[in-house]
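# Fold and contact review
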Amino acid sequence: MAAELPIPIFNSLDKALPDLKTAAAQSVRYDAVVKEYEQRFGHKPSYIARAPGRVNLIGEHIDYVLFGCFPAAIERDILIACGPSPPGSGTSTPSVHVPGGVKAENLNPKYKPQHFVPMLKLAQGPSAAEQADAASNVHAEATWQLDIDKRELRWESYVKAGYYGVLNRFFSSTSEHPAPVDLLVTGSVPSGSGLSSSAAMVVASTLAFLSVNNKLDGITKGQLVEMAMENEKRVGVNSGGLDQAASVICTPHSAIFVDFFPRLSAEPIPLPTPRTIPRAVFVCANSLVVSDKVVSAKIHYNLRVVETLVGARVLALRLGQTLSSSERPRLREVFSRWLGSPDLESSPEKIKAALERFLPEVEKLRPSAEGRKEGELGVTMEEMIKWSGLSVEQFREVYLSWVDVEAEYFQLYKRARHVVTEAIRVLEFREACLRAQATEGDLPDDTLRTLGALMDASHESCAKLCESSCPEVDRLAELARASGAYGCRITGAGWGGCTVSLVAEDKVDEFIAKVKAGYAPYKDLEGDALHEVIFATKPSSGAFVLKLDE
């Protein structure tokens, strides 16, 4: 299984990247990062940790309820050059001499250099004398603290988030201390674009701190995904794991079918686009509406998480399932209990058939029209609590004590219907790719039309049921279809960010020109500036570490 493979560690770039042409083009960038690092810190880096962004081809807002998704890594990425800070370095601050002290800099001048030190806190509130003895006590247990303000995230917050998991996983005993670290960050994934710059940053940061502290041995790709998922929660995002899995596990020329139930698994699926007539590529278009999952989480991303969780509980009760007052099942778990037999979910094909039978059950979440304004399908907080079968205190403990959300009406029915229909579309997309793989020779454009229709239906559901789109993204999707795309959908967390379109490779330039002409924020952009916001991409390799010569 792909998730059980070790983290790739390479000694040369030509082995790390999919072909010599790509390696040659990227070597200039890597060399520049190494030289800049040496100039800033006075010594060469030991490693470069690389984590790509991702484009989710289909399967939005269903990973955190444990249904499978279909992402691919993209060529744009985050690089972190890193190494242990040498004692007595002329650029060192006093903090660097403290165990685990970090000096972090960013090639982008708008992000200022940062120094920070993790604080060691021993369990059970030790006395000053016990703290003084801690360094020689191999049995002392400790937790680490880093200051991350979730209300006002800075670029280094994501670096700190990646550091957290390494500290608490490998340095919980005070017999060993983390190394002081110098690191330099650069990236080509646009921030807030829906291409998972935050996940790529956390994955790269986690890899960097693992590398410098010699903790990579034995870490699998699946374990890195789980670490990065937990680490990103430190910045206030309750991620389901899709972004991290794509950044870590993907392989060149393929997407992956990522499943999260009953455990994380990843199945590489070759895309048919290199064999269709015409050949096709995916084009990412940035709406230039910044999608900040953290800042708007309480009315957007985290609200969707809570709505789907509460919807799952209510649906479980209405299906006759027994739940304890502290239980917080997810929709995938409710679906599995409804099936009642492991054999009925032993393959993606069986799951798809079962989901189609399950879909009518979602209607049990549709509220009565009586006493509601026309067309309103949401419920108030009071109604939601009543439906859950919990007291106010129990409900707040189970569903609200760990997250901030804000809404007048909570859309349990619409979110659940989106989840189930989107999960079916993901499995249909997977089936179409596998059918193409089993067919010899060139493939007709019917394959592209099938994939495109599923992408269009996904966008419709994201816009109307999940309500995670916005007018600008809807306009881009409309323009993409009018400009010749086989299909187009929003990708990423939503409320801004990017669309992804399936486009004939020989029509890419024409497609981009038409979208540019129709989308007002693009009209004054030319050359590199235009290429930054709308570009074709091929599936990329996942995260890796480049070990540099001493």
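Summarised in this report is the structure supplied together with it. Residue indices follow the written sequence of each chain, beginning from 1 at its first position. Only residues with pLDDT of at least 70 get local features here, since the model is predicted, and only at 80 or more are side-chain atom pairs given and counted; chain-wide, interface and lining totals rely on the full set of residues. As a rule here, side-chain values cover all heavy atoms of the structure and leave hydrogens and water aside.

## What to know about the packing of helix α11 (residues 381-388) against helix α12 (residues 392-400)
Contact pair α11 / α12: the axes reach a minimum separation of 10 Å and the direction vectors enclose 95 degrees. As the angle between them shows, α11 and α12 are arranged roughly perpendicular. Contact with α11, carried on its side by Met381, Met384, Ile385 and Ser388, involves Val392, Phe395 and Leu400 of α12 and no other residues of that element. Here the residues of the contact of α11 with α12 sort into 6 nonpolar, 1 polar and no charged. Here an axis means a line fitted to C-alpha atoms, over the contact stretch when the element is a helix, while the angle between two N-to-C directions is reported on a 0 to 180 degree scale. Helix numbering and strand numbering both begin at the N terminus, where a helix is a DSSP run of H or I of at least 4 residues and a strand a DSSP run of E of at least 2. With respect to orientation, any angle under 35 degrees is reported as roughly parallel, any angle over 145 as roughly antiparallel, any angle of 65 to 115 as roughly perpendicular, and every other angle as oblique. Contacts were defined at the residue level, with two residues in contact if any of their heavy atoms lie within 4.5 Å. Gly counts as polar in this scheme, as do all residues outside two lists: the nonpolar Ala, Val, Leu, Ile, Met, Phe, Trp, Tyr, Cys and Pro, and the charged Asp, Glu, Lys and Arg.

## Topic: unusual backbone geometry
Looking along the chain, the bond that leaves Phe261 and enters Pro262 is cis, with omega of 0 degrees. Locating Pro262 in the fold gives a position in the loop between β9 (254-259) and β10 (265-270). The omega torsion of the bond from Ile277 to Pro278 falls at 5 degrees, within 30 degrees of zero and hence cis. Within the secondary structure, Pro278 sits in the loop between β10 and β11 (280-286). A positive phi angle, near 55 degrees, is found at Trp495, a position not held by glycine. Topologically, Trp495 is positioned in the loop between β12 (487-491) and β13 (498-504).

## Points about the sheet that holds strand β15 (residues 544-547)
Spatial strand order, β1-β15-β2-β3-β8-β4-β5: 7 strands in an open sheet with mixed pairing. Looking at which strands have only one partner, the edges of the open sheet turn out to be β1 (9-10) and β5 (114-116). Where strand β2 (residues 47-58) lies against β15, 4 bridges are found, and the strand directions are antiparallel. If you follow Tyr47 over to β15, its bridge partner there is Lys547. Set on the sheet, helix α2 (residues 20-41) makes contact with β2, β3 (70-84), β4 (102-106), β8 (181-187) and β15; between it and β8 the angle comes to about 140 degrees. Two strands pair if DSSP finds at least two bridges between them.

## Here we look at the packing of aromatic side chains
For Phe, Tyr and Trp, where Trp contributes only its six-membered ring, two rings pair if their centres lie within 6.5 Å, and the inter-plane angle classes them as stacked under 30 degrees, edge-to-face over 60, or tilted in between. This model, assessed by the stated rule, comprises 12 aromatic pairs. With a centroid separation of 4.7 Å and an interplanar angle of 55 degrees, the aromatic rings of Tyr37 and Phe41 are classed as tilted. Taken together, the positions of Tyr37 and Phe41, both in helix α2 and 4 residues apart, correspond to about one turn of that helix. The residues Tyr37 and Phe41 share a single accessibility class, namely buried. Taken together, a centroid distance of 6.3 Å and an interplanar angle of 20 degrees make the contact between Phe335 and Trp338 stacked. Placement of both Phe335 and Trp338 in helix α9 (residues 331-339) is noted, with a separation of 3 residues, approximately one turn of the helix. The rings of Phe67, Phe335, Trp338 and Phe358 are connected pair by pair, giving a single aromatic cluster. Seen from the ring of Phe116, Lys160 lies directly overhead, with NZ or CZ sitting 5.2 Å from the centre. Lysine and arginine charges are scored as sitting over a ring when NZ or CZ, respectively, is within 6 Å of the ring centre and within 35 degrees of the ring normal. Above the ring of Trp387, the side-chain terminus of Arg318 is found at 4.1 Å from the ring centroid. Relative accessibility thresholds used throughout: buried, under 20% of the residue-type maximum; exposed, over 50%; partly exposed, between the two (1.4 Å probe, protein chains only).

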